[in-house]
Amino acid sequence: MFLFASGRPIACRSYPLLKRSYTNLSVQQLQALLGKNESNPRITHQLHSHFITAGLLLLHQKQNSGKLLLFNPLLRCYSLGETPLRAYLLYDQLQQLHFFSDHEKRLPPFDSFTYLFLIKTTSNPRFLYPMLGIGIHGLTLKLGFEFNVYVQTALVGMYLVVGNRVDAYKVFDEMPERSSTALVGMYLVVGNRVDAYKVFDEMPERSSVTWNVIITGLTNLGEFEKAIFLLEKMPNRTVVSWTTLIDGYARVNKPKEAILMFWRMVACDAINPNEITILAILPAVWSFGDLSMCGSVHGYVVKTGFVPCDIRVTNSLIDAYAKCGCIQSSLKFFMEVPNVRKNLVTWTTMISSFAMHGMGKEAVNIFKDMERLGLKPNRVTMISVLNACSHGGLAEEEFLEFFNKMVSKYKITPDVKHYGCLVDMLRRKGRLEEAEKIALEIPSDQKAVVWRMLLGACSVYDDPEMAERVTKKLMELERGHGGDYVLMSNIFCGTGRFTDAQRFRKLMDVRGVAKLPGHSQVT
DNA sequence: ATAGGGTTAG
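All figures in this text were calculated on a predicted structure; none of them were measured in a lab.

**A short note on the overall build of chain A**
Then, in step 1: Across its full length, chain A holds 29 helices and four strands.
Then, in step 2: Of the contacts formed within chain A by residues at least 6 apart in sequence, a portion of 59% connects residues at least 24 apart.
Then, in step 3: Counting only carbon and sulfur atoms, one obtains 55% of the accessible surface of chain A, whose full area is about 27,200 Å².

**Focus: helix H12 (residues 224-233)**
Turn by turn, an α-helix covers 3.6 residues, leaving residues three or four places apart pointing in a common direction.
Then, in step 1: Within H12, the full set of buried residues consists of Phe224, Ala227, Ile228, Leu230 and Leu231. Along H12, the residues classed as buried sweep out an arc of 160° about the axis, all on the same side.

**A look at the UniProt feature "repeat: PPR" (unreviewed entry) in chain A**
Then, in step 1: Look at the UniProt record and you will see "repeat: PPR" (unreviewed entry) annotated at residues 207-241 and 343-377.
Then, in step 2: For residues 343-377, the end-to-end C-alpha separation is 11 Å, with 74% helix and 0% strand making up the annotated structure.

**Description of the nonpolar core**
Then, in step 1: Leu245, Ile281, Phe399 and Leu422 are the most contacted members of the largest nonpolar core, which totals 93 residues.
Then, in step 2: At nine residues, helix H26 (residues 447-461) tops the list of elements feeding residues into this core.
Then, in step 3: If we ignore the near neighbours within four places in the chain, the residues touching Leu422 are Phe399, Leu400, Phe403 and Ile438.
Then, in step 4: Membership of the second largest hydrophobic core comes to 35 residues, among which are Leu57, Leu70, Leu74 and Val151.

**Considering the confidence of the model for chain A**
Then, in step 1: This prediction gives chain A a mean pLDDT of 78; 74% of its residues lie at or above 70.
Then, in step 2: In this model residues 515-523 is a low-confidence stretch, pLDDT under 50, and it forms nine contacts with partners more than four residues away in sequence or in other chains.

**Looking at helix H20 (residues 344-356)**
Then, in step 1: For H20, which comprises 13 residues, the first-to-last C-alpha distance of 18 Å matches the rise-based estimate of 18 Å (1.5 Å per residue) to within 8%.
Then, in step 2: Of all 13 residues making up H20, 10 are buried, and the element is well covered by its neighbours.
Then, in step 3: Of the positions making up H20, those classed as buried are Leu344, Thr346, Trp347, Thr348, Thr349, Met350, Ile351, Ser353, Phe354 and Ala355.
Then, in step 4: On its buried face, H20 is in contact with helix H18 (311-323), helix H19 (327-336), helix H21 (360-372) and helix H22 (379-391).
Then, in step 5: If you check the start of H20, you find a side-chain oxygen 3.1 Å away from the backbone N of Val345, and it comes from Asn343.
Then, in step 6: Just downstream of H20, Gly358 is the residue with a positive phi angle, here 70°.

**Remarks on unusual backbone geometry**
Then, in step 1: You will see that Ala270, though not glycine, has its phi angle at about 50°, which is positive.
Then, in step 2: Considering the arrangement of structural elements, one finds Ala270 in the loop between helix H14 (255-269) and helix H15 (275-288).
Then, in step 3: On the accessibility criterion, Ala270 (62% relative accessible area) is exposed.
Then, in step 4: In this structure, Lys411 is a non-glycine residue whose phi angle is positive, near 55°.
Then, in step 5: The class for Lys411 is exposed, based on a relative accessible area of 65%.

**A look at the packing of aromatic side chains**
Then, in step 1: Throughout the structure, instances matching the rule amount to 13 aromatic pairs.
Then, in step 2: Between the aromatic rings of Tyr91 and Tyr115, the centroid separation amounts to 6.3 Å while the plane-to-plane angle is 75°, which identifies the pairing as edge-to-face. Within this pair, whereas Tyr91 is found in helix H4 (residues 84-100), its partner Tyr115 is found in helix H5 (residues 112-123), the two being separated by 24 residues in sequence.
Then, in step 3: A relative accessible area of 2% places Tyr91 in the buried class.
Then, in step 4: Residue Tyr115 is classed as buried on the basis of its relative accessible area, which comes to 3%.
Then, in step 5: Ring centres of Phe110 and Tyr115 lie 6.1 Å apart, and the angle between their planes is 85°; on these two criteria the pair is classed as edge-to-face.
Then, in step 6: On the accessibility criterion, Phe110 (9% relative accessible area) is buried.
Then, in step 7: Every member of this aromatic cluster is reached through a ring pair, and the members are Phe71, Tyr88, Tyr91, Phe110, Tyr115 and Phe127.
Then, in step 8: The ring of Phe334 carries the charged tip of Lys342 above its face, separated from the ring centre by 4.2 Å.
Then, in step 9: A cation over an aromatic ring shows up here: Lys342 above the ring of Trp347, its NZ or CZ 5.0 Å from the ring centre.

**A look at the packing of H19 against H20**
Then, in step 1: H20 packs onto H19 with a crossing angle of 160° between their chain directions and a minimal axis gap of 11 Å. In terms of orientation, H19 and H20 fall into the roughly antiparallel class. Handedness of the crossing formed by H19 with H20: left-handed. Two secondary-structure elements touch here, H19 through Ile327, Ser330, Leu331 and Phe334 and H20 through Thr346, Trp347, Met350, Ser353 and Phe354.
Then, in step 2: Looking at the contact of H19 with H20 residue by residue, the class counts come to six nonpolar, three polar and no charged.

**A word on a nonpolar patch on the surface**
Then, in step 1: There is a patch of nonpolar side chains on the surface, built from Leu85, Leu128, Tyr129 and Leu132 and spanning about 390 Å² of accessible area.
Then, in step 2: Classification of Leu85 as partly exposed rests on a relative accessible area of 38%.

**Looking at the environment of Thr348**
Then, in step 1: Note on placement: Thr348 falls in helix H20.
Then, in step 2: Separated by 33 residues in the primary sequence, Thr348 and Thr381 place their C-alpha atoms 5.0 Å from one another.
Then, in step 3: With residues near it in sequence (within four places) discarded, Thr348 still touches Val380, Thr381 and Ser384.
Then, in step 4: Only 2.9 Å separates the side chain of Thr348 from the side chain of Thr381, close enough to count as a polar contact.

**Description of the pattern of salt bridges**
Then, in step 1: One pass over the structure, following the stated rule, counts 10 salt bridges.
Then, in step 2: Of the charged contacts in the structure, one is a salt bridge between Asp269 and Arg237, with a shortest N-O distance of 2.6 Å. Highlighted residues: Asp269 in helix H14 and Arg237 in the loop between H12 and helix H13 (239-251), separated in sequence by 32 residues.
Then, in step 3: On the basis of relative accessible area, Arg237 is assigned to the partly exposed category, the value being 25%.
Then, in step 4: Its salt-bridge partner being Asp415, residue Arg379 comes within 2.7 Å of it at the nearest N-O pair. Here the residue Arg379 occupies a position in helix H22, and Asp415 occupies one in the loop between helix H23 (396-408) and helix H24 (416-429), the gap between them amounting to 36 residues.
Then, in step 5: For Arg379, a relative accessible area of 40% gives the class partly exposed.

Conventions and cut-offs
- Residues numbered from 1 in each chain as written.
- Chains lettered and ligands numbered in written order.
- Predicted model: local features only at pLDDT ≥ 70, side-chain atom pairs only at ≥ 80, totals over all residues.
- Heavy atoms only, no water.
- Helix = DSSP H or I, 4+ residues; strand = E, 2+ residues; numbered from the N terminus.
- Contact = heavy atoms within 4.5 Å.
- Areas by Shrake-Rupley, 256 points an atom, 1.4 Å probe, with all protein chains shown as cover.
- Buried < 20%, exposed > 50% of the residue type's maximum accessible area, 1.4 Å probe, protein only.
- Arc of directions from axis to C-beta.
- UniProt positions renumbered as here; feature names shortened; annotations may be inferred.
- Core = buried A, V, L, I, M, F, W, Y, C linked by side-chain atoms within 4.5 Å.
- pLDDT = per-residue confidence, 0-100.
- Expected span 1.5 Å × (residues − 1).
- Polar contact = N/O pair within 3.5 Å; in protein donor to acceptor, adjacent residues only side chain to side chain.
- Phe/Tyr/Trp six-rings, centres within 6.5 Å; stacked < 30°, edge-to-face > 60°.
- Lys NZ or Arg CZ within 6 Å of the ring centre and 35° of its normal.
- Axes fitted to C-alpha atoms, helices over the stretch in contact; angles between N-to-C directions.
- Parallel < 35°, antiparallel > 145°, perpendicular 65-115°, else oblique.
- Left-handed = near helix turned anticlockwise from the far one by under 90°.
- Nonpolar A, V, L, I, M, F, W, Y, C, P; charged D, E, K, R; others polar.
- Patch = residues over 30% accessible without salt bridge, like charges linked within 9 Å, V, L, I, M, F, W, Y side chains within 5 Å.
- Salt bridge = Lys/Arg side-chain N within 4 Å of Asp/Glu carboxyl O.

What follows is the structure, given as structure tokens:
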């Protein structure tokens, strides 16, 4: 993936072709580009590719003690993104490259930034080897970065992610230069409100980030009264302070309080919401069902220019209109967005909006428009389409056409949710034989789940013959699931075949299976 | 360039 030969980096075939030219940009411009697109893995990847081919990856300022100008920002992007492993590999390759080059015996040109981002890599929940963080901790000690407050703050966070709380305390305890903000944050994450509050209270000076850290921590712990108490005491409230509480209330399903916070922010502090505030308030707006407020948020968002900038705001608004019951506004807004700005989520949102309104045909048309533009649906898109078909009164042939297309054309392996849609559709149609035929063709690892769904469908339609066949199939696959026996015997009871029912109950006792407390597989 | 809030289904 990251190939280097004879000390010189070379490009690798797996990199995507550059769609735009980065060749004339200065180092500062490239840095800014990385910072702006930190959440866009494609651009990160393209820039990485460019750095390698143009020999910029190891570019460093000679007069400034050899700091890496583009390597660290690149590391940061990968560490925060979807593939933190790339960050680790990037670091590892450079380290080995340095090790094998014989002209220098000194340590690699890594600085505190490198290790800070490396620690963040290991605390990223997507990173599969969090224990590597402990080794990196050792490195920072060896290299003398233990006096860097940022590095240590990241270390504390890392240990909390790894679950090693004792070490988190220990690292903090040995910090020579304590950042009170970090201490407050750490206590909050650990759940130690009293100590966090005490430290916070004794701080000689607090930055706005300090305030926001404690407000966020209290909100996440559900301590809304204390969070608001601090919010009111805070000297210079920022958008973040308010947004934290708005989001917190929306998440615990208290839309009224969230909306109240929103108005207080605007009225008391004359602070304008930003994109993230909008994303936080919209779920509150639709769960409160306030269509008129949906419209005023829309107006505000258009006026401030968030709409042409942030596609997520657009998507969230389309969704909010649909969930407030106004599919017309949803569609109108969707149509106003130029196709070049729409991303996969935009299309998926519109399809699921039609699905929740039972408008199957319209959903399918949107899906076909999307296909015509050459976009490839993902798992979520397909769930929405399939849902739209079964809820929107479409023929089962059409449903099955989409299902097959998903597998053959788009190479998406159906999971439990897709099969859930399938069984749901067939149940609505009462076509259980069809379902049985399909179930026979399903790949092995998912089989049991699907057969079990079918068994559930049989019990609704009182089809004991088929239920028996399905149960037999289930017995072949796995013998130990007690719920199947119970369901089967219930079906026989329901149709008056009590001896058959008893037969299954007995079989259950003989095989020594117990019925576990029930939980639904279909959600 | 470094700590704080983040779109779609179920």
